[in-house]
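# Residue-level structural notes
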Amino acid sequence: DPFLTRLYPESIGANVQVQLRNGDVLKAEVPYPPGHRQNPAGDESLVKKFLVLAEDVLGRERGQRAAEIILSVEALSDLDKLLEALSPP
């Protein structure tokens, strides 16, 4: 895609076109991937990605707690709670 090519290396975008069995065509274009400064990821998507990566090590409950602490890390007076939450059981 010429438009997406012009964005490189600033961004590696994508576009997808799918033709359904009934003939309908669905299209989507994402010039900036989620997490790019032009397409910031929200807290919900960051937590989801964190849990996918952390659950095998921390477990679901501990991973969720770690995510909550990470999202409010600026309010912590020290990192003890964060380090405890990120330590495997």
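My aim in this report is to walk through the structure given alongside it, one point at a time. (Residues numbered from 1 in each chain as written. Predicted model: local features only at pLDDT ≥ 70, side-chain atom pairs only at ≥ 80, totals over all residues. Heavy atoms only, no water.)

Inspection of the secondary structure assignment puts Ser 11 in the loop between helix H1 (2-7) and strand S1 (14-19). Once residues within four sequence positions are removed from consideration, Ser 11 is found in contact with Pro 31, Tyr 32, Pro 33 and His 36. (Helix = DSSP H or I, 4+ residues; strand = E, 2+ residues; numbered from the N terminus. Contact = heavy atoms within 4.5 Å.)

The grouping of Val 16, Val 18, Leu 20 and Leu 26 at the surface amounts to a nonpolar patch, some 320 Å² of accessible area in total. Relative to the elements of secondary structure, Leu 26 occurs in strand S2 (residues 25-30). Residue classification places Leu 26 among the partly exposed residues on the basis of a relative accessible area of 49%. (Patch = residues over 30% accessible without salt bridge, like charges linked within 9 Å, V, L, I, M, F, W, Y side chains within 5 Å. Areas by Shrake-Rupley, 256 points an atom, 1.4 Å probe, with all protein chains shown as cover. Salt bridge = Lys/Arg side-chain N within 4 Å of Asp/Glu carboxyl O. Buried < 20%, exposed > 50% of the residue type's maximum accessible area, 1.4 Å probe, protein only.)

Further remarks concern helix H2 (residues 43-58). Over its 16 residues, H2 extends only 19 Å from the first C-alpha to the last, a length that falls short of the 22 Å expected when each residue adds 1.5 Å. Taken as a whole, H2 has its buried residues at Val 47, Leu 51, Ala 54 and Leu 58. Contacts made by the buried residues of H2 are with helix H3 (60-71) and helix H4 (80-86). Downstream of H2 by a residue or two, Gly 59 has a phi angle that is positive, lying close to 85 degrees. (Expected span 1.5 Å × (residues − 1).)

Let us look at the pairing of S2. Of the pairings in the sheet, the one linking S1 to S2 comprises 6 bridges and is antiparallel in character. From the neighbouring strand, Val 16 faces S2, where its bridge partner is Ala 28. From the end of S1 to the start of S2, which pair antiparallel, there are 5 residues, and Gly 23 there has a positive phi angle of about 95 degrees. (Pairing = 2+ DSSP bridges.)

Right, let's talk about the nonpolar core for a bit. Judged by nonpolar contacts, Ala 54, Leu 58, Ala 66, Ile 69, Leu 82 and Ala 85 together constitute the single largest core of 6 residues. Mapped onto this core, the elements with two or more residues apiece are H2, H3 and H4. If sequence neighbours within four positions are ignored, Ala 85 has contacts with Leu 58, Arg 62, Ala 66 and Ile 69. (Core = buried A, V, L, I, M, F, W, Y, C linked by side-chain atoms within 4.5 Å.)

Note that Gln 17 resides in strand S1. The exposure class of Gln 17 is exposed, given its relative accessible area of 55%. The spacing of Gln 17 and Glu 29 is 12 residues in sequence and 8.8 Å in space, taken between C-alpha atoms. Sequence-distant contacts of Gln 17, defined by excluding residues within four places in its chain, comprise Val 25, Leu 26 and Lys 27.

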